[in-house]
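# Understanding the architecture of this molecule
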Amino acid sequence: AYEQQGRPTGFMVDLVDEAARSSGTSLRIDFYPWARAVALAQAGPQTLIFPLARTPERERRFTWVLPLYVQDYVVIAARETAFVEKGLAPSTRVGLIRGTTLARDLPALRGRPVSDERDYSDLFRKLDEGMIDAIVGPVAIVRASMKLIGRDPADYRFGPTLGSFELWVAASID
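The shown structure was predicted, so the numbers you read here are calculated from the model rather than taken from an experiment.

## Regarding the overall build of the chain
Counting secondary structure elements, the chain contains 5 helices and 8 strands. Helices and strands in the chain line up, N terminus first, as β-β-α-α-β-β-β-α-β-α-β-α-β. On C-alpha atoms alone, the chain measures out to a radius of gyration of 16 Å, which is about the 16 Å that the 2.2 N^0.38 rule sets for 174 residues. Expressed as a percentage of the 174 residues in the chain, the buried residues total 41%.

## Considerations on the packing of aromatic side chains
Scanning the entire structure with this criterion turns up 4 aromatic pairs. Where Trp64 meets Trp168, the ring centres are 6.1 Å apart and the plane angle is 75 degrees; that geometry is what we call edge-to-face. Of this pair, Trp64 sits in strand 4 (residues 63-78) while Trp168 sits in strand 8 (residues 156-171); the two residues are 104 residues apart in sequence, bridging distant segments of the chain. For Trp64, a relative accessible area of 13% translates into the label buried.

## Examining the packing of helix 4 (residues 120-128) against helix 5 (residues 139-149)
Relative orientation of the contacting elements helix 4 and helix 5 amounts to 85 degrees, with a least axis distance of 10 Å. Considering their axes alone, helix 4 and helix 5 lie roughly perpendicular with respect to each other. Contacts between helix 4 and helix 5 pair Tyr120, Ser121 and Phe124 from the former with Ile141, Val142, Ser145, Met146 and Ile149 from the latter. Across the contact of helix 4 with helix 5, the residue classes tally to 6 nonpolar, 2 polar and no charged.

## With respect to the sheet that holds strand 5 (residues 94-97)
The pairing of strands in a sheet happens through backbone hydrogen bonds and is either parallel or antiparallel. Read from one edge to the other, the open sheet built from 6 strands follows the order 3-8-4-7-5-6, with strand pairing classed as mixed. The open sheet is flanked by strand 3 (48-53) and strand 6 (114-117), the only strands paired with a single partner. When strand polarity is set aside, the average angle formed by the axes of neighbouring strands in this sheet is 30 degrees. Where strand 4 meets strand 8, 13 bridges bridge the pair, whose relative direction is antiparallel. Looking at strand 8, one finds that Ala77 is bridged to Arg157. Running over the sheet, helix 2 (residues 34-43) touches strand 3, strand 5 and strand 8 and is turned about 120 degrees from strand 3. Packing of helix 4 onto the sheet brings it into contact with strand 4, strand 5, strand 6, strand 7 (134-138) and strand 8, and relative to strand 7 it is tilted by some 155 degrees.

## What about a nonpolar patch on the surface?
Taken together, the side chains of Leu27, Leu48 and Val65 define a hydrophobic patch exposed on the protein surface, amounting to about 220 Å² of accessible area. Mapped onto the elements of the fold, Val65 is located in strand 4. Residue Val65 is classed as partly exposed on the basis of its relative accessible area of 46%.

## Quick notes on the nonpolar core
Counting residues in hydrophobic clusters, the biggest one holds 23 residues, and the most contacted among them are Phe50, Tyr73, Leu88, Leu102, Leu106, Leu109 and Val136. Looking at this core, the elements that each hand over two or more residues are helix 1 (11-22), strand 3, strand 4, strand 5, strand 7 and strand 8. Of all hydrophobic cores here, the second largest spans 22 residues; its members include Val38, Ile132, Ile135 and Ala170.

## Some thoughts on the side chain of Glu117
By the element assignment, Glu117 lies in strand 6. Assessed through its relative accessible area of 9%, Glu117 is described here as buried. Here the side chain of Glu117 touches Lys126 through a polar contact of 2.7 Å, side chain to side chain. With near-sequence residues (within four places) excluded, Glu117 lies in contact with Leu96, Ile97, Arg98, Asp122, Leu123 and Lys126.

## A word on the environment of Arg112
Tracing the backbone through its elements, the reader meets Arg112 in the loop between helix 3 (102-105) and strand 6. Here Arg112 falls in the buried class, since its relative accessible area comes to 14%. For Arg112, the contacting residues outside a window of four places in its chain are Leu88, Ala89, Pro90, Thr92 and Val94. Looking at Arg112, its side chain comes within polar contact range of the main-chain oxygen of Ala89, at 3.0 Å.

Cut-offs and rules
Residues numbered from 1 in each chain as written. Predicted model: local features only at pLDDT ≥ 70, side-chain atom pairs only at ≥ 80, totals over all residues. Heavy atoms only, no water. Helix = DSSP H or I, 4+ residues; strand = E, 2+ residues; numbered from the N terminus. Rg over C-alpha atoms; globule rule 2.2 N^0.38 Å. Buried < 20%, exposed > 50% of the residue type's maximum accessible area, 1.4 Å probe, protein only. Phe/Tyr/Trp six-rings, centres within 6.5 Å; stacked < 30°, edge-to-face > 60°. Axes fitted to C-alpha atoms, helices over the stretch in contact; angles between N-to-C directions. Parallel < 35°, antiparallel > 145°, perpendicular 65-115°, else oblique. Contact = heavy atoms within 4.5 Å. Nonpolar A, V, L, I, M, F, W, Y, C, P; charged D, E, K, R; others polar. Pairing = 2+ DSSP bridges. Patch = residues over 30% accessible without salt bridge, like charges linked within 9 Å, V, L, I, M, F, W, Y side chains within 5 Å. Areas by Shrake-Rupley, 256 points an atom, 1.4 Å probe, with all protein chains shown as cover. Salt bridge = Lys/Arg side-chain N within 4 Å of Asp/Glu carboxyl O. Core = buried A, V, L, I, M, F, W, Y, C linked by side-chain atoms within 4.5 Å. Polar contact = N/O pair within 3.5 Å; in protein donor to acceptor, adjacent residues only side chain to side chain.

Following this line, the structure appears as structure tokens:
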């Protein structure tokens, strides 16, 4: 899901819109930085969030409405980076989207210091400037974000899958 010319766009937007129409419900879709979106959805009232990884930590915080798909979470690094093929070295400086639970939910990231950033534009800027060594994120969302911010996937190396989570439409509990 992304915004194009001020309008929500993408296959997830289409899917959620159709589900709402089928149930006789109307929606207004707004975009927020991820940490704020999660907090708003948790606080409600009558708020949906998508796509949200269904994790043990989040299980009781949301009502799980509609499964979307299973998403692989991968390592993305500069093209010349060799460690990506083998996984994350202990000294690898990792960047994540602020508000994600990946640092707790993926064993390869537990206990590792991470740089939390507002969006993929900030993460790729830090990667390009050498402030971080790798980004870990959902492969389909990272690729779509790269297109939106003008980054060529051929300039980067996509490494191993560190884990997979089922992504859902979730709702506030109210």
